[in-house]
Structure formats: structure tokens, C-alpha cells
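Survey of secondary and tertiary structure
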Amino acid sequence: MGDLRRRGVVALGVTALVAPLTLAIGATPAQAASCTTSAGPYQKKVEKFLGRPVDGKQSAADCKAIRAFQTKHGIRPNIGYAGPVTWGVMNLMNKQKAVGKNPNKAGKCPTNKGRIACVDLTLQLSWIQDGKKLVYGPVPVRTGRNGYETRTGLKKVYWRNKNHVSTIYDVPMPYSQFFDGGQAFHSVGVSMWNPPGSHGCVNMTSTAAKKYWSLLKKGDDVYVYGRKPGT
């Protein structure tokens, strides 16, 4: 972060994780509770999402499937309970999938700027377009959690560092492309749907971050809009 500080910027970048909901109170990453036998309030919706028999009743197989999903995406406690956080992540996935290859259908990201990286906070999606032409994406991203929101508006990529390390959080931020203070696109090694979100940066998978690195350059526009659920 030394180079960034010499530019007078405080890095608020990332490395915790994304979904639109809050982390379950009292949960810890190391928590390994037993599988619950209780049906959750979103039991039928979760069963349908996972391709399970939709009967609204918790079975051992249901719990195993739900728990595997929770573990994969860092949802705690991962006890197989079909609660609001688990369903919120699944619901967001459904909405992201429904966007298809037309993420700017509503025309909210400017089409008169040439090459621009767009970030839809509401759907937790990002893509690169050139005018009205989709260049890459959309890809799921993980943006700032409550209290560390990714700031909205039109910005520009002003500094890039392929092997950046945050001195605030002491974590690697590969393929960092800073566009607003300490907020940047960069890769993380966690699920894009892992609650509660980043410290302001736009987290991406390694594949997406590398592609953004190859497509963007210093001075390119970035437009962030919407509001992440739960913030």
C-alpha cells in the first residue's frame, strides 16, 4: 500500500466477503454445528432451488444439500437451516441468472463513454461495455458491506497494481485497479456470494479480475450505481 499512500490515498479495499444479507449473529468461521432437523421459513423455496423434493419438510437429505450450499458460500452457521440469509443468496443468484447477456437493459450505465466498466450494486453484477456493445460479462461481484459501502457515481481507473497488498488489512489484492480512493476491482479467493461483503472494493473471481486487467487501462471510466441489499 506504500505506493498508494504516496498518492495520499487510504485503502479501504476488501477481503472479507459478498452477499446482500447480514452474517448470522454469533456465528464464527470455525463453527461446525450439527445438521438441524428443523424446517426453515424458506424451506420450499430452498428445496426448489436445490432440486430437492418440494414438500416444506426438513429431511436428512435436504439438510445435507442445504449445508453443502452454505459451506460452499461461507454462510454461517452452516447447519442446513433454510433461513433468510441462505434464501437471500439463492434469490440473488436467480436474479443474476435472469439478466442473461443484457445487463444494461435499463440503460443505467452510460453508453456514451466508449469503454466503461459498470457495477450494478443491486444485482451484484459487473461488466465491461463499449458504447452499447457488451465486451465482457456480466460477472457476479462482491461489493461493500453495510458501513463500508462501495461508493456510487462515475469514476476513472487511476492506478493499477497487479500484485498489490493491503497494509490496512494485510491481505493480497491481486490485479487491483483503483477507481475511487482505496476502492478497487481485485480478485479474492472466496465465493462471490459469501456474506456480508467487502470493505468497499469490488471483489471478483481470479478469472474475472484477470480479464478486467487485460481489458481496462488507466483513465478508463467506471460507473457504480444501485444499492446493495442490506446496506
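Everything below is about the structure printed above this text.
A few points on the structure. (Residues numbered from 1 in each chain as written. Predicted model: local features only at pLDDT ≥ 70, side-chain atom pairs only at ≥ 80, totals over all residues. Heavy atoms only, no water.)

**Points about helix α3 (residues 60–72)**
- Along its 13 residues, α3 runs 18 Å from first to last C-alpha, staying within 8% of the 18 Å computed at 1.5 Å per residue.
- Regarding α3, the residues found buried are Asp-62, Cys-63, Ile-66, Phe-69 and Gln-70. Taken end-on, α3 shows its buried residues confined to a sector of 130 degrees, consistent with a single buried face. Across α3 from its buried face, at more than 90 degrees, point the exposed residues Ala-60, Lys-64 and Lys-72.
- Looking at the buried residues of α3, the elements they touch are α2 (43–49) and α4 (84–99).
- Gly-74 lies just past α3 and shows a positive phi near 70 degrees. (Helix = DSSP H or I, 4+ residues; strand = E, 2+ residues; numbered from the N terminus. Expected span 1.5 Å × (residues − 1). Buried < 20%, exposed > 50% of the residue type's maximum accessible area, 1.4 Å probe, protein only. Arc of directions from axis to C-beta. Contact = heavy atoms within 4.5 Å.)

**What about the sheet that holds strand β8 (residues 202–204)?**
- In space, the four strands of this open sheet follow the order β5-β6-β7-β8, with mixed pairing throughout. The open sheet terminates on both sides in strands that have one partner only, identified here as β5 (159–166) and β8. Each strand axis lies, on average, 30 degrees off the axis of its neighbour in the sheet, ignoring direction.
- Bridge count between strand β6 (residues 171–180) and strand β7 (residues 183–187): three bridges; the pairing is antiparallel. Note on β7: the bridge partner recorded for Phe-178 is Ala-184. (Pairing = 2+ DSSP bridges. Axes fitted to C-alpha atoms, helices over the stretch in contact; angles between N-to-C directions.)

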